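Single-letter residue listing:
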Amino acid sequence: MGFNQCSGSAVLQQSRSSQVHYVSVLMLMLFCCVHPTFPCPKSCFCAPHSKTVNCANKGLTSIPEGIPYDTIELVLDQNSFENPVLTRRNFTNLVKLQALYMNRCGIETLAANTFADLTNLQWLGIGYNKITFIADNTFSGLNLKHLFINDNKGIQLSEGAFEGMTTQGLYMHNSGMSKLSVNVMSPLNGTLRTLWLYQNNFESFSEEWLYLFNTLGHLRLGGNAFHCNCEIGWLHKFFKKHSSVFSGGDLPICATPALVRGKQFNNLTADDFRCDLPTFRNVDAVFEREMGKLTCQARGDPTPTLYWIRPDGTTEIYSPAREDTEQTVGILYMTNVKLTDSARYKCVASNPAGNVTFSLNVVWPATPPPPPVLPMLPRTTPKSFHHPKSNVIVADRATPRPSGSWQFRDQAVKAEKKPYDWGINKPEKKQFDKMEDDEVKTMKDVDVRFTILDLVGAVVGTFVITLLLSIIGANLYIRHKERLAEDHYSVPDCKPPLAPARLYIMGEDGENRIRMLNHHGRPECPT
């Protein structure tokens, strides 16, 4: 009986133990079959176990909400954001983010400290947007493997744009860049290994870039319009020595000058990269009464820098006015110059090919004397009177005003009215006073002007008229004498013999004979 009780109790205890084990196994199986779910924003795709949020080309107008804080990769490419400005609060909770892609999203501005919280970020792509300027410290705090800012047309970088960051690869191709200071790249020295600058508008790189290029493992410069003169001869030399660095992309090519246009670097020699000495195109000197201006103009390849050197050694420097110009103009103003000094000024044109100097001896021209003040000449007028004190002939109002470019005024006619000590019973004094006042007022209203041509014309005219009158008078006098000779008979030029004591009366025959002899010549005196 007792045995049976013990058996039943053991069987019951074994049955309970089996149930507990079954429940435990069932709960373990259920726990193993349940996985934690990764929340995914609406309209985005989230691959299991990847912690990647892919929202590319979903028609989003902003960064979606609900992105998990532990997201490692966020893809937002090809969405058009209504707000083109990126700020820090857009990524405040994404501290574990390692890759961020926002290409073709219409971004225009990156606010300060936008990526300050993304300390784990390694890949950043903000290409194909409308970013035109990157300010100082925009990427401060980032230690990237690759930074893509390509295809932002006309982008400009401040000198401190890359301050406080590092990256192994920098991609700025196809951005319309024409100038880039090597100082901008200085913070990346030692970490940068890949640099893509192809399909831009670079014409040259200064030799300061050689240090950075020597640290690179891959460099792309194809598709730029290089001006192949002596200024980038160093780049051709670097290409020849490190051709493997340029592998995988288009080789650098020359756009100018014409002799090497369209040729790749591997088809050129060092002699193809040469510069031309400056030549002076024009040198002018213009003098005014108290100032002088010297102009010097020169051109060359590359465009020269001009230096005006004064006689005391001071120098003024003139750089090309524009980057696309081929010549430089330097204008020097001279002031406070002694009129008797002779000084030498020098214009120096300099470029990498050498220096050319133009010396100019400057003698300040003497100041021309002022035009002489000519006295007012007396003229015949319909009405005039003689001033008793000034001895000036005062013209009447009806006298016409002479024309001319020089104008002089006779100061003697500025008569003042003064009291006279004449008696009050003399009417001629009152009458003269009234005439004097009227005529002086008339002279104030009349401007007498003469020119040099007027004076010369008057003298020449007087001389010509006098000569003509003399010729006419002489001619008239000669004709008058000829008429007198025709009206009288001529008498033989000889003295007749003394008449006899007796008076002899010539008859008619004798008179006719004398008249006939007078008409045919000079006869012998009659006996």
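In what follows, the accompanying structure is described. Fair warning: this is a prediction, and the values are worked out from it, not measured in the lab.

What counts and what doesn't
Residues numbered from 1 in each chain as written. Predicted model: local features only at pLDDT ≥ 70, side-chain atom pairs only at ≥ 80, totals over all residues. Heavy atoms only, no water. Phe/Tyr/Trp six-rings, centres within 6.5 Å; stacked < 30°, edge-to-face > 60°. Buried < 20%, exposed > 50% of the residue type's maximum accessible area, 1.4 Å probe, protein only. Lys NZ or Arg CZ within 6 Å of the ring centre and 35° of its normal. 1 Å grid on protein atoms, 1.4 Å probe; cavity = no way out; pocket = protein on both sides within 12 Å on 5 of 7 lines; lining within 4 Å. Points joined across faces, edges and corners; volume = space filled by probe spheres on them. Helix = DSSP H or I, 4+ residues; strand = E, 2+ residues; numbered from the N terminus. Nonpolar A, V, L, I, M, F, W, Y, C, P; charged D, E, K, R; others polar. Salt bridge = Lys/Arg side-chain N within 4 Å of Asp/Glu carboxyl O. Disulfide = S-S within 2.5 Å. Core = buried A, V, L, I, M, F, W, Y, C linked by side-chain atoms within 4.5 Å. Contact = heavy atoms within 4.5 Å.

What to know about the packing of aromatic side chains
Applying the stated criterion to the full structure yields 20 aromatic pairs. Arranged with centres 5.7 Å apart and planes meeting at 45 degrees, the rings of Trp209 and Phe213 form a pair that is tilted. Both residues of the pair, Trp209 and Phe213, belong to the buried class. Ring-pair connections join several aromatic residues into one group, and the members of that group are Phe202, Phe205, Trp209, Phe213, Phe226, Trp234, Phe238, Phe239, Phe246, Phe265 and Phe273. The residue whose ring lies beneath Arg104 is Tyr128, and the NZ or CZ to ring-centre distance is 3.8 Å. Stacked on the ring of Trp196, the Lys or Arg Arg220 has its end atom at 4.1 Å from the ring centre.

With respect to the layout of surface pockets
Its boundaries defined by the atoms lining it, the largest pocket holds a volume of some 940 Å³. Surrounding the largest pocket, 29 residues form its lining, Lys179, Glu203, Glu231, Pro302 and Glu323 being those nearest its centre. Looking at the lining of the largest pocket, the elements with two or more residues in it are β16 (276–287) and β17 (291–301). With three residues, the top contributor of residues to the lining of the largest pocket is β17. For the lining of the largest pocket, the class distribution of residues is eight nonpolar, 10 polar and 11 charged.

Observations concerning the pattern of salt bridges
Following the criterion strictly, the structure yields four salt bridges and no others. Of the charged contacts, one joins Arg88 and Asp117 as a salt bridge, the two residues approaching to 2.9 Å between their closest N and O atoms. Of this pair, Arg88 sits in the loop between β4 (85–86) and β5 (99–101) while Asp117 sits in the loop between β6 (109–110) and β7 (123–125), placing them 29 residues apart in sequence. We note a salt bridge from Glu316 to Arg310, for which the minimum N-O separation is 2.9 Å. The exposure class of Arg310 is partly exposed, given its relative accessible area of 22%.

A word on the state of the cysteines
This model, assessed by the stated rule, comprises five disulfides. Between the sulfur atoms of Cys44 and its disulfide mate Cys55 the distance is 1.9 Å. Here Cys44 and Cys55 share a disulfide; its torsion about the S-S bond, 110 degrees, makes the bridge right-handed. Of this pair, Cys44 sits in the loop between α1 (2–33) and β1 (45–46) while Cys55 is found in the loop between β2 (52–54) and β3 (73–75), placing the two residues 11 residues apart along the sequence.

As for the nonpolar core
One finds Phe139, Phe162, Met172, Met185 and Leu195 to be the most contacted residues of the largest nonpolar core, which totals 69 residues. If you list the elements that add at least two residues to this core, you get β9 (143–148), α2 (182–185), α3 (210–213) and α4 (233–241). When near neighbours in sequence (up to four residues on either side) are disregarded, Phe162 contacts Phe139, Leu147, Ile149, Leu157, Leu170, Met172, Val184, Met185, Pro187 and Leu188. Counting 14 residues, the second-largest nonpolar core is a separate cluster that includes Leu294, Leu306, Ala349 and Val362.

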